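In case you want the letters, here they are:
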Amino acid sequence: MRKSEYALWALLVLAVLAAGSTMVSLARSQSASAANSEIYRQLDLFGEVLERVRSDYVEKPDDAKLIEAAINGMLTALDPHSAYLNPKHFRDMQVQTRGEFGGLGIEVTMENGIVKVVSPIEDTPAARAGLMGGDLITHLDKEQILGLTLQEAVEKMRGPVNSPITLTVVRKGVDDPFDVKVVRDVIHINPVKYDVEGGDIGYIRITTFNEQTTANLQKAIEDLKKQLGPNLKGYVIDLRNNPGGLLDQAISVSDAFLDQGAIVLTRGRNLEETQRSNARAGDVTDGKQLVVLINGGSASASEIVAGALQDHHRATIVGTRSFGKGSVQTIIPLGSNGALRLTTARYYTPSGRSIQAKGIEPEAVVEEELPDDLKQKAESQSTRGEANLRGHLKGGDESDSAKADQEESGSSSYVSPEKAKDTQLNYAIDLLHGIKSVDTEAKKKAEAN
């Protein structure tokens with residue numbers, strides 16, 4: 001009799017559990033179904049608007065442009081850094097990150113609607129053809145440049161390797177314009193420039209983080225070691241106005257100066273997406289003193305490097321607060337339709353600090369002295385950083401108003417073109433020479449944040 005009662009109770013318990021499980025599954029199914037129904041309703045609305053535009057707009061619209069604009073609208077509503085890359089923009093992005101392309105080998109700017117040569121890059125077609133800094137390029141293959149943007153002009157100068165292009169050049173001291181025929185070749189963008197400062201300081205400027213950055217950094221350090229030998233006191237790593245680039249290059253550059261410990265933490269939407277990158281043994285500088293320069297134009301990968309070296313007390317950070325872009329964008333190829341650049345994670349310094357909309361605060365805050373013609377512009381324009389961008393992500397996982405009020409990023413991005421007047425660089429050199437020191441209280445404050 002007792003066994004029968006036990007069996008009956010067991011059946012009742014199993015029935016209740018099964019019913020509960022069924023109810024939970026049903027509730028989830030209904031919730032998912034309701035969410036899907038809402039999405040389909042919104043898609044119906046989008047289709048209705050699209051058809052109305054196609055049929056009633058005053059001029060016949062381009063369907064492809066309409067869809068592309070709609071996709072971009074959806075992505076820019078997420079944050080300022082997510083976007084759709086059409087096939088052309090995707091190819092351009094790959095060229096930038098690869099660090100090499102078919103072109104002429106000149107650094108250019110735009111002046112009064114004309115392309116001005118800043119300088120030809122050594123051992124490139126432009127240098128071999130005799131182009132000089134200050135030359136004005138007025139025509140490309142007999143077509144005038146006036147009316148083109150700088151980007152459009154640059155795109156016309158790039159092209160397949162071994163293909164020719166004729167430039168019409170106006171040069172100071174030469175009465176008439178003249179033509180220069182240049183044959184395109186593979187151009188390597190060197191993101192690392194270096195020199196000796198103060199007789200015993202290795203100065204290394206990193207302009208971007210592309211596929212060439214770490215290898216070129218290591219070469220720069222080896223060359224500086226050979227030049228200075230035992231006289232080498234330390235290095236200035238200049239990351240000012242470096243907008244960032246590849247995450248893996250930021251990690252490997254940081255690793256070059258560290259022997260151990262975390263470099264950066266990335267946290268995605270789900271807990272299992274958290275990743276930690278660690279340094280491997282080996283410091284390419286053999287432990288020499290480092291000073292890192294940053295300013296309001298230092299963003300993303302630059303901030304990863306500065307934050308890692310700051311948290312490990314491996315470098316003294318000098319300059320002004322960085323831009324504050326602490327999010328990771330993943331490039332998702334879409335076959336022949338280009339790619340999706342989507343924000344997939346936030347990154348944190350080794351101590352767990354979020355840089356998003358906050359930036360890196362230097363131990364030694366040193367402002368560059370602005371020339372008189374720029375002072376009025378600086379006063380009339382507020383400093384822009386990540387925190388000023390519409391729709392930016394909040395710092396870390398913090399969303400309450402008290403913590404959001406702490407957001408502050410960006411600063412002046414001016415750097416004097418004359419090293420003698422470069423206040424931040426000269427401060428860094430004096431720091432390495434022991435002439436200047438970082439205020440102890442300011443350093444403690446930086447460590448506590």
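In case you missed it, the structure is sitting above this.
Please read all numbers here as calculations on a predicted model, not as lab measurements. (Residues numbered from 1 in each chain as written. Predicted model: local features only at pLDDT ≥ 70, side-chain atom pairs only at ≥ 80, totals over all residues. Heavy atoms only, no water.)

Student: Which residues make up the environment of Pro 164, and what values go with them?
Tutor: Tracing the chain through its elements places Pro 164 in strand E7 (residues 164-170). Aside from chain neighbours lying at most four places away, what touches Pro 164 is Lys 181, Val 182, Val 183 and Arg 184. (Helix = DSSP H or I, 4+ residues; strand = E, 2+ residues; numbered from the N terminus. Contact = heavy atoms within 4.5 Å.)

Student: Quick rundown of the sheet that holds strand E16 (residues 315-319)? Include the residues and the values.
Tutor: Taken together, the 6 strands give an open sheet; going across it, the order is E10-E11-E12-E15-E16-E19, and neighbouring strands pair in mixed fashion. The open sheet has two free edges, formed respectively by strand E10 (192-197) and strand E19 (364-365), since each of these has just one partner strand. Judged from the 6 bridges that link them, E10 and strand E11 (residues 201-206) form a sheet pairing that is antiparallel. Among the inter-strand pairings, Lys 193 is bridged to a residue of E11, identified as Arg 205. (Pairing = 2+ DSSP bridges.)

Student: Just give me the short version of the pattern of salt bridges, but keep the residues and values in it.
Tutor: Across all of its chains, the model carries 23 salt bridges by this definition. A salt bridge links Asp 56 to Arg 52; its shortest N-O distance comes to 3.2 Å. With Asp 56 and Arg 52 both in helix H1 (residues 2-56) and 4 residues apart, the pair spans about one turn of that helix. Of the residues examined, Asp 56 reaches a relative accessible area of 48% and is grouped as partly exposed. For Arg 52, a relative accessible area of 54% corresponds to the exposed category. Close ionic contact of Lys 421 with Glu 418 constitutes a salt bridge, the shortest N to O distance being 3.8 Å. (Salt bridge = Lys/Arg side-chain N within 4 Å of Asp/Glu carboxyl O. Buried < 20%, exposed > 50% of the residue type's maximum accessible area, 1.4 Å probe, protein only.)

Student: Tell me what's going on with the packing of aromatic side chains, and back it up with residues and numbers.
Tutor: Applying the stated criterion to the full structure yields 0 aromatic pairs. Looking at Arg 158, its charged tip hangs above the ring of Phe 101, at a distance of 4.1 Å from the centre. In this structure, Arg 267 packs its charged tip against the face of Tyr 348, placed 4.2 Å from the ring centre. (Phe/Tyr/Trp six-rings, centres within 6.5 Å; stacked < 30°, edge-to-face > 60°. Lys NZ or Arg CZ within 6 Å of the ring centre and 35° of its normal.)

Student: Account for helix H3 (residues 87-98), with residues named and values stated.
Tutor: In a regular helix each residue adds 1.5 Å, so 12 residues correspond to 16 Å; H3 covers 16 Å between its end C-alpha atoms and thus fits that length. The secondary structure elements touched by the buried residues of H3 are strand E1 (83-85), strand E2 (100-103), strand E17 (327-333) and strand E18 (339-348). Looking one or two places after H3, you find Gly 99, whose phi comes out positive at around 80°. (Expected span 1.5 Å × (residues − 1).)

Student: Go over the pairing of strand E4 (residues 114-120), please, and point to the residues and values.
Tutor: In this structure, strand E3 (residues 106-111) lies alongside E4, joined through 6 bridges in antiparallel fashion. Each bridged residue has a counterpart across the sheet, and for Val 108 the counterpart in E4 is Val 117. Counted along the chain from E3 to the antiparallel partner E4, the turn is 2 residues long, and its residue Asn 112 has a positive phi close to 55°. Bridge analysis of E4 against strand E5 (residues 136-140) gives 2 bridges, and the strand direction is antiparallel. For Val 115, the partnering residue across the bridge sits in E5 and is Ile 137.

Student: So, the nonpolar core: which residues are in play, and what are the values?
Tutor: By size, the foremost hydrophobic cluster in this structure holds 38 residues, and its most contacted members are Ile 204, Ile 206, Leu 217 and Val 292. The leading source of residues in this core is helix H8 (residues 301-311), at 6 residues. Listed in part, the 16 residues of the second largest apolar core include Ala 126, Ala 153, Met 157 and Leu 167. (Core = buried A, V, L, I, M, F, W, Y, C linked by side-chain atoms within 4.5 Å.)

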